[in-house]
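Chains, contacts and geometry: an overview
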Amino acid sequence: MAASGDSSADSAVHPPWFPHALVDRACEPATFADGLPSPWGRIHGWDHTRALSPEWWNEEHEGRWGAWPETITSVEVVGEGRFGLTVHLNGDWVAHLYPFQTGMDVSTPALFEPWTSALSNAPMLLPVAGQKNEHGDQVAVFEMHTCLSSDEVVQHPHDLVRAAAGVHAALVAHATPNTERRWNERLKAIEDQLKTTTLWRAPHTKHIVGLPATHFSLDGVVAQADGTMALIAQPRSLVDHLLAPNERLPGVSSIAMFEQRLSLVEGFESPESREGFYRAWGEGVPPSWTSRASLSTVNGGVWIWRYEAMLLMLAEARAYGLKKQVKACDRWLFDVSRIQARLGELRTVHAVRRGGMWAAIAVALLGSGPVQIPFVLGSAGVALAAHLVHQRRMPPPF
């Protein structure tokens, strides 16, 4: 749903998965295997049109894995999206064809047994078979399912993030420690390629941990028999693959991307509705992930991941010629300078707060004479006043 609400004139000419505004050539799948040059790096692909023939499915090809469907007699294209094409095989399986390879984040959770086992009861659909090459996943085959429409998903945002929470919680045992430096380097790489005027880094807390890669989209959601939602494993986005190093990201990054996608279609009416959105996710993940310190804007909190999501959405808009989305992203990023100015003030206030506290402690322990007590009280007062200012001026997370 990356392009939702963006009626570019080019969208009727180019498939939604082809970055026509980024490459200087026509969409010719027969040439994808040679790689498409772009300002952000070479785009590797394959001729997926061969997989629109039943004969292709019944032939032997390198890179296949899993319980490959047998005796395919019909291939029906039922949709196209940002990641590629969706086809039905004999009416019994759903297959996703990815014209461009961006890694193996769809097949890996299905092939790496510890992750497969961890996700066995999670609300996530993993492929039962697929095909890949050295550049990544080309095909993923799923059991038959029907996705909810984007409108249906938008109407139930809390159900959406509860499903994401179920996936994130299932992977907690496979989390890796905070990689703050690399997350900040990743941001820098995106900023440098997009040549934005914004720059934002965050310290993060120790509770913000990296999870095995799971990618979701608003048009990859399934309704389960019990009324809950399940998420379909999706590949890494093409613009993310081109612009940034691949890193394990925290669960909140997925929720921030969902939030920004929903914001494009006015999915939130107030700060309270945004807070409820994150609280619904927080009900299903470790409490430390949504603690006050973890959500604090000074520590990065939600805002730093909103910022990264918006940068990636801006990149997407530029690559696929989504003019309305470019304008929406530029407006949002314009406000980042205001938040950063506030954070700069808070760093000064924090320095005053800490200086006053340490001065009071030092004089209390080492000082003497008639000025000791007034100095201690004065320093403590400065620290307290600075603390109150710090709390009042803190940009709220929602």
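Here, the structure is the one placed above.
Residues numbered from 1 in each chain as written. Predicted model: local features only at pLDDT ≥ 70, side-chain atom pairs only at ≥ 80, totals over all residues. Heavy atoms only, no water.

**Thoughts on the packing of helix H6 (residues 180-194) against helix H11 (residues 303-320)**
Let me state the cut-off plainly: With axes taken as lines fitted to C-alpha atoms, and helix axes fitted only over the stretch in contact, angles between N-to-C directions fall between 0 and 180 degrees. A run of H or I in DSSP counts as a helix once it spans at least four residues, and a run of E counts as a strand once it spans at least two, with each numbered from the N terminus. Each crossing is labelled by how the near helix is turned from the far one, with a counterclockwise turn of less than a right angle marking it left-handed and a clockwise turn marking it right-handed. Residue contacts follow a heavy-atom distance rule, with two residues in contact if any of their heavy atoms lie within 4.5 Å. Put simply, Ala, Val, Leu, Ile, Met, Phe, Trp, Tyr, Cys and Pro go in the nonpolar bin, Asp, Glu, Lys and Arg in the charged bin, and everything else, Gly too, in the polar bin.
Here H6 crosses H11 at 30°, and the two axes come no closer than 11 Å. The element H6 and its partner H11 pack so that their crossing is left-handed. Here H6 contributes Trp 183, Arg 186, Leu 187, Ile 190, Glu 191 and Leu 194 to the contact with H11, which in turn contributes Ile 304, Trp 305, Tyr 307, Glu 308, Leu 311, Leu 312, Leu 314, Ala 315 and Arg 318. Residues belonging to the contact of H6 with H11 are distributed by class as follows: 11 nonpolar, no polar and 4 charged.

**Structural notes on the sheet that holds strand S5 (residues 124-125)**
We apply this condition: The pairing criterion is simple: DSSP has to find at least two bridges between the two strands.
Read from one edge of the open sheet, 3 strands run S5-S9-S8, paired in mixed fashion. Sheet topology places S5 and strand S8 (221-223) at the edges, where each strand pairs with a single neighbour. Examined bridge by bridge, S5 and strand S9 (residues 229-232) share 2 bridges and lie parallel to one another. Its bridge partner lying in S9, Leu 125 is registered against Ile 232. Sheet strands touched by helix H5 (residues 157-170): S5, S8 and S9. Its angle to S9, the strand with the most contacts, is close to 65°.

**Here we look at the sheet that holds strand S3 (residues 85-89)**
Spatially, the 6 strands line up as an open sheet ordered S1-S6-S7-S4-S3-S2, and their pairing is antiparallel. For this open sheet the edge positions go to strand S1 (64-66) and strand S2 (75-80), each flanked by a neighbour on one side alone. The average angle at which neighbouring strand axes cross in this sheet is 20°, direction not considered. Looking at chain direction, S3 and strand S4 (residues 93-97) are connected through 5 bridges and run antiparallel. Across the sheet, residue Thr 86 finds its bridge partner in S4, namely His 96.

Purely geometric numbers; function is a separate question.
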